[in-house]
Amino acid sequence: MWKIGQRGVPYFKRFISAPFTTLRSLPTSLVETGQNRVIDASLTLIRERAKLKGELVRLIGGAKATTALLGVPLGHNSSFLEGPALAPPHVREAIWCGSTNSTTEEGKELKDPRVLSDVGDIPVQEIREMGVDDDRLMNVVSDSVKLVMEEEPLRPLVIGGDHSISYPVVRAVSEKLGGPVDILHLDAHPDIYDRFEGNYYSHASSFARIMEGGYARRLLQVGIRSINKEGREQGKRFGVEQYEMRTFSKDRQMLENLKLGEGVKGVYISIDVDCLDPGFAHGVSHFEPGGLSFRDVLNILHNLQGDLVGADVVEYNPQRDTADDMTAMVAAKFVRELAAKMSK
């Protein structure tokens, strides 16, 4: 599906754009009915999978929180490459790769459904093929997350996809829990432009949307090393705590001993794979040298004190992962360690 076609345009991109033109020639009522049915089918898929996984966890018993893996294969809000839309199946395959075992570093067994359950993917491209705009698509993402959270004790861990998905996911978590969360955001970029290149839902604007909506009390951004004047001004506007790589050696001790979530509904963690130095993860759309090591990130995650109520791992790009899906293994380990952190 992602073979390169004429002039280097992926078949995927041309395939998605073609129906938009065709649908315009149909009666509006017919198109709207089709869109509603596809959206309903998508939500039914997630609802029923979450219900079954929730029932199984409750039947086994003993779990206060279970990580529910949800894929959102969305890449069209990327400002550069759209390969992150292909990420979820690669990450899933890497999670269960036979080259490693199924135990996390802190001793949790991933094959235990009380630790990690999988509720599948939102069929993003099928929805977009029906001409559904981003306002409705983002609502589908939020509604899907809420459906997962309705099945106690499931908590969402979302695989992107580009970073635009963090906005509807955080929105859903905050609305479902009834208040703001504290967010730990690991990234090379602050993703807080007002509307990058005019796109309200740009992957470079997701945290502006989150802060505007009041869905976060504190936003800590770690690993930042590509930030301009607007990024810093937006950070000040929203009271964001931005920790740039140029001062990481000074900030390390504090960042490896974070305590978040007290007085709010919990902690949300968003990991953009490009928070890492490209030497650790080259399968990303944006190469930004001078980043975190993988162990830097794990130290921050393992030592964090707080109730983890949701998380995402985004911006892995399989199209640039040229060394036998090595970066897929990196993204998968983030998922594994977040699942261990969230489940209890």
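Report on the accompanying structure.

Rules used throughout
What you see as residue numbers is a count from 1 along each chain, following the sequence as written. Under the rules for a predicted model, residues below a pLDDT of 70 receive no local features and side-chain atom pairs below 80 are neither given nor counted, while totals for whole chains, interfaces and linings still include all residues. As a rule here, side-chain values cover all heavy atoms of the structure and leave hydrogens and water aside. Runs of E in the DSSP output that reach at least two residues are strands. Runs of H or I that reach at least four are helices, and both are numbered from the N terminus. Here the globule rule reads 2.2 Å times residues to the power 0.38, and the radius of gyration is calculated from C-alpha atoms. For each residue, the accessible area found with a 1.4 Å probe, counting protein chains only, is set against the maximum for its type, and the residue is called buried under 20%, exposed over 50%, and partly exposed in between. When checking whether two residues touch, look at their non-hydrogen atoms; a contact exists if any pair is within 4.5 Å. In this analysis, rings of Phe, Tyr and Trp, with Trp reduced to its six-membered ring, are considered paired at centre separations within 6.5 Å, and the interplanar angle assigns stacked below 30 degrees, edge-to-face beyond 60, and tilted for intermediate values. Counted as over-ring charges are cases with an Arg CZ or a Lys NZ within 6 Å of the ring centre that also lie within 35 degrees of the ring normal. Taken from the helix axis, the directions to the C-beta atoms give the arc we talk about. Angles shown run from 0 to 180 degrees and are taken between the N-to-C directions of axes, each axis being a line fitted to C-alpha atoms and, for helices, limited to the stretch in contact. Here the angle decides the label: under 35 degrees means roughly parallel, over 145 means roughly antiparallel, 65 to 115 means roughly perpendicular, and every other value means oblique. In this classification, the charged set is Asp, Glu, Lys and Arg, the nonpolar set is Ala, Val, Leu, Ile, Met, Phe, Trp, Tyr, Cys and Pro, and all remaining amino acids, among them Gly, are polar. We define a nonpolar core as any set of buried Ala, Val, Leu, Ile, Met, Phe, Trp, Tyr and Cys residues linked to one another through side-chain atoms lying within 4.5 Å. Grouping into patches uses exposed residues only, defined as over 30% relative accessible area, and leaves out salt-bridged ones; the cut-off is 9 Å for like charges and 5 Å for nonpolar side chains (Val, Leu, Ile, Met, Phe, Trp, Tyr). In this description, accessible areas are obtained by the Shrake-Rupley approach with a 1.4 Å probe, and a residue is regarded as covered only by the protein chains that are shown. Salt bridges are counted wherever a side-chain nitrogen of Lys or Arg sits within 4 Å of a carboxyl oxygen of Asp or Glu. Only strands joined by at least two bridges in the DSSP assignment are considered to pair.

Structural notes on the overall build of the protein
Tallying secondary structure elements over the protein gives 11 helices and 8 strands in all. On C-alpha atoms alone, the protein measures out to a radius of gyration of 19 Å, which is about the 20 Å that the 2.2 N^0.38 rule sets for 344 residues. When its C-alpha atoms are laid out on the principal axes, the protein stretches across 60 × 50 × 40 Å. Across the 344 residues that make up the protein, the buried fraction comes to 57%.

Considerations on unusual backbone geometry
Across the junction of Glu152 and Pro153, the peptide omega takes the value 5 degrees, indicating a cis bond. Residue Gly161 follows Gly160 across a cis peptide bond; omega there is 10 degrees. Turning to its location among the elements, Gly161 is positioned in the loop between strand S3 (154–160) and helix H6 (166–177). The backbone of Glu315 shows a phi angle near 70 degrees, a positive value even though the residue is not glycine. Mapping Glu315 onto the fold places it in the loop between strand S8 (308–314) and helix H11 (326–342). Phi is positive for Asp325, which is not a glycine, with a value near 60 degrees. With respect to the secondary-structure elements, Asp325 resides in the loop between S8 and H11. What makes Asp325 partly exposed here is its relative accessible area of 24%.

Regarding the environment of Asp325
Sequence separation between Asp325 and Met149 is 176 residues; the distance between their C-alpha atoms is 31 Å. Excluding residues within four positions of it along the chain, Asp325 makes contact with His90 and Tyr316.

Comments concerning the packing of aromatic side chains
Throughout the structure, instances matching the rule amount to 4 aromatic pairs. An angle of 50 degrees between the planes, with centres 4.6 Å apart, marks the rings of Tyr193 and Phe196 as tilted. For Tyr193, a relative accessible area of 22% puts it in the partly exposed group. An angle of 90 degrees between the planes, with centres 4.9 Å apart, marks the rings of Tyr200 and Tyr201 as edge-to-face. Classification of Tyr200 as partly exposed rests on a relative accessible area of 27%. Counting every residue linked through ring pairs, the aromatic cluster contains Tyr167, Tyr200 and Tyr201. We note Arg171 situated over the ring of Tyr167; from NZ or CZ to the ring centre the distance is 4.9 Å.

Details of helix H9 (residues 248–255)
Those residues of H9 that sit buried are Phe248, Asp251 and Leu255. Seen end-on, H9 carries its buried residues on one side only, within an arc spanning 70 degrees. Residues Ser249, Lys250 and Gln253 are exposed on H9 and point more than 90 degrees away from its buried face. In this structure, the buried side of H9 is in contact with strand S5 (216–224), strand S6 (241–244) and helix H10 (294–303).

Topic: the packing of helix H3 (residues 87–95) against H11
Following both chains from N to C, one finds H3 and H11 inclined at 70 degrees, their axes separated by 8 Å at the closest point. Considering their axes alone, H3 and H11 lie roughly perpendicular with respect to each other. Two secondary-structure elements touch here, H3 through His90, Val91, Ala94 and Ile95 and H11 through Ala328, Met329, Ala331, Ala332, Val335 and Arg336. For the contact of H3 with H11, the residue count by class is 8 nonpolar, 1 polar and 1 charged.

Notes on the nonpolar core
General note: in soluble globular proteins, nonpolar side chains tend to be found buried as a group. Among the nonpolar cores identified, the biggest contains 48 residues, and Leu157, Leu184, Leu186, Ile269, Leu301 and Leu338 are the most heavily contacted of them. Per-element tally for this core: the top contributor is H11, with 9 residues. The residues contacting Leu338, other than those within four sequence positions of it, are Thr67, Leu157, Ile269, Ile271, Leu301, Leu308, Ala311 and Val313. Residues Ile39, Ala50, Val181 and Ile183 belong to the second largest nonpolar core, which totals 45 residues.

With respect to a nonpolar patch on the surface
Taken together, the side chains of Leu56, Leu59 and Ile60 define a hydrophobic patch exposed on the protein surface, amounting to about 300 Å² of accessible area. Relative to the assigned elements, Leu56 resides in helix H2 (residues 28–60). For Leu56, a relative accessible area of 38% gives the class partly exposed.

Structural notes on the pairing of strand S4 (residues 181–186)
For a regular strand, the rule is simple: side chains alternate between the two faces of the sheet. Of all 6 residues that make up S4, 6 are buried, and the element is covered over most of its length. Burial along S4 is two-sided: Val181, Ile183 and His185 and Asp182, Leu184 and Leu186, pointing in opposite directions, are all buried. Where S4 and S5 come together, 5 bridges link them in parallel fashion. Across the sheet, the residue bridging to Leu184 is Leu220, located in S5. Note: S4 against strand S7 (residues 267–272), 5 bridges, orientation parallel. When the sheet's bridge partners are listed, Leu184 is paired in S7 with Ile269.

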